[in-house]
Amino acid sequence: MSAPAEDTLIVVKPDGVRRGLVGQILGRFEAKGFVVKRLQMLTMSKAKAEEFYNVHKGKPFFGELVTFITSGPVVGAVLSGRDAVATVRRMVGATRSWEAAAGTIRGDYGLGYTDNIIHASDSVESFTHEQAAFFGKTRG
Ligand code: CMP
């Protein structure tokens, strides 16, 4: 039995956008077989960033995380395909980029922690929350 199709969200962070990695990153997911269902570049306001990352509120790195994610444009994409949440997380790699396996996005492109190139939802529940926080109420 193959896994059912589901949706997940990735956000190419300001370091990934500044370094011109958007095309390569989206290309990896498309080459794997995921379909890009929504795509938007925007610069997050502080309020949007705090809502997006609300599970981390109160943690010692929260301030740094919000400052970083609002420091420039980001690109959010909803990706659809089999077992998307887990499969995309495997392709993204470990949070500490210097520990991420070769062949993963963080493993191949970065050394950072806060600046770890890309965010991906870690569960279906997180996806629902993050999609609403990132795109807001409007569909377009
Ligand atoms: P991300 O997948 O976007 O989810 C939360 C982010 O917080 C994480 O990637 C890291 O970029 C950042 N971060 C910074 N410090 C820490 C930390 N000590 N533990 C977890 N995440 C951290």
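The coordinates are above.
Residues numbered from 1 in each chain as written. Predicted model: local features only at pLDDT ≥ 70, side-chain atom pairs only at ≥ 80, totals over all residues. Heavy atoms only, no water.

1. A word on the site of the ligand
As a structural note, the neighbourhood of the ligand is formed by Lys13, Tyr53, His56, Phe61, Leu65, Thr95, Arg106, Tyr113, Thr114, Asn116 and His119. Between lysine 13 and the ligand, the recorded distance is 2.8 Å, taken from a side-chain N or O atom to an oxygen atom. Separating an oxygen atom of the ligand from a side-chain N or O atom of tyrosine 53 is a distance of 2.6 Å. For the ligand, whose accessible area on its own is 450 Å², the fraction buried by protein is 82%. Within the shell around the ligand, the residues separate by chemical class into 4 nonpolar, 5 polar and 2 charged. (Near = heavy atom within 4 Å. Polar contact = N/O pair within 3.5 Å; in protein donor to acceptor, adjacent residues only side chain to side chain. Areas by Shrake-Rupley, 256 points an atom, 1.4 Å probe, with all protein chains shown as cover. Nonpolar A, V, L, I, M, F, W, Y, C, P; charged D, E, K, R; others polar.)

2. Considering the nonpolar core
If you look at the biggest cluster of nonpolar residues, it comprises 20 residues, and the most contacted ones within it are Ile10, Ile25, Phe29, Val88 and Ile118. Every element with two or more residues in this core is listed here: strand E1 (5–12), helix H2 (22–32), strand E3 (74–82), helix H5 (84–92), helix H6 (105–109) and strand E4 (118–120). Setting aside residues no more than four positions away along its own chain, valine 88 makes contact with Thr8, Ile10, Phe29, Phe34, Leu79 and Ala120. Formed by 17 residues, the second largest nonpolar core is a distinct cluster that contains Tyr53, Val66, Val74 and Phe134. (Core = buried A, V, L, I, M, F, W, Y, C linked by side-chain atoms within 4.5 Å. Buried < 20%, exposed > 50% of the residue type's maximum accessible area, 1.4 Å probe, protein only. Helix = DSSP H or I, 4+ residues; strand = E, 2+ residues; numbered from the N terminus. Contact = heavy atoms within 4.5 Å.)

3. Regarding the sheet that holds E4
Pairing is antiparallel in the open sheet, where 4 strands are placed in the order E2-E3-E1-E4. Edge strands, defined here as strands with exactly one partner in the open sheet, are strand E2 (35–42) and E4. Geometrically, the sheet is characterised by an average inter-axis angle of 20° between neighbouring strands, direction not taken into account. Note: E1 against E4, 3 bridges, orientation antiparallel. Bridge pairing in E4 places isoleucine 10 opposite alanine 120. In the packing of H2 onto the sheet, contacts are made with E1, E2, E3 and E4, and the angle to E1 comes to roughly 165°. (Pairing = 2+ DSSP bridges. Axes fitted to C-alpha atoms, helices over the stretch in contact; angles between N-to-C directions.)

4. Some words on the pattern of salt bridges
Side chains bearing opposite charge may pair, as long as their charged atoms lie close to each other. Under the counting rule described, the total for this entry stands at 4 salt bridges. For aspartate 108, the salt bridge is made with arginine 28, and the minimal N-O distance between the two is 2.8 Å. You can see aspartate 108 sitting in helix H6 and its partner arginine 28 sitting in helix H2, a full 80 residues away along the chain. Its relative accessible area of 37% is what places aspartate 108 among the partly exposed residues. Exposure remark for arginine 28: the relative accessible area of 24% places this residue in the partly exposed category. Of the charged contacts in the structure, one is a salt bridge between glutamate 50 and lysine 46, with a shortest N-O distance of 3.4 Å. (Salt bridge = Lys/Arg side-chain N within 4 Å of Asp/Glu carboxyl O.)

5. Topic: the pairing of E1
Pairing analysis gives 8 bridges linking E1 to E3, with the strands arranged antiparallel. What sits directly across from valine 11, in E3, is glycine 76.

6. Brief notes about the environment of isoleucine 10
Relative to the helices and strands, isoleucine 10 is located in strand E1. Along the sequence, isoleucine 10 and alanine 77 sit 67 residues apart, while their C-alpha atoms lie 5.4 Å from each other.

7. A look at the pairing of E3
Most of E3 sits inside the fold, with 8 of its 9 residues counted as buried. Inspection of the sheet shows E2 paired to E3 by 7 bridges, in the antiparallel sense. When the sheet's bridge partners are listed, valine 36 is paired in E3 with leucine 79.

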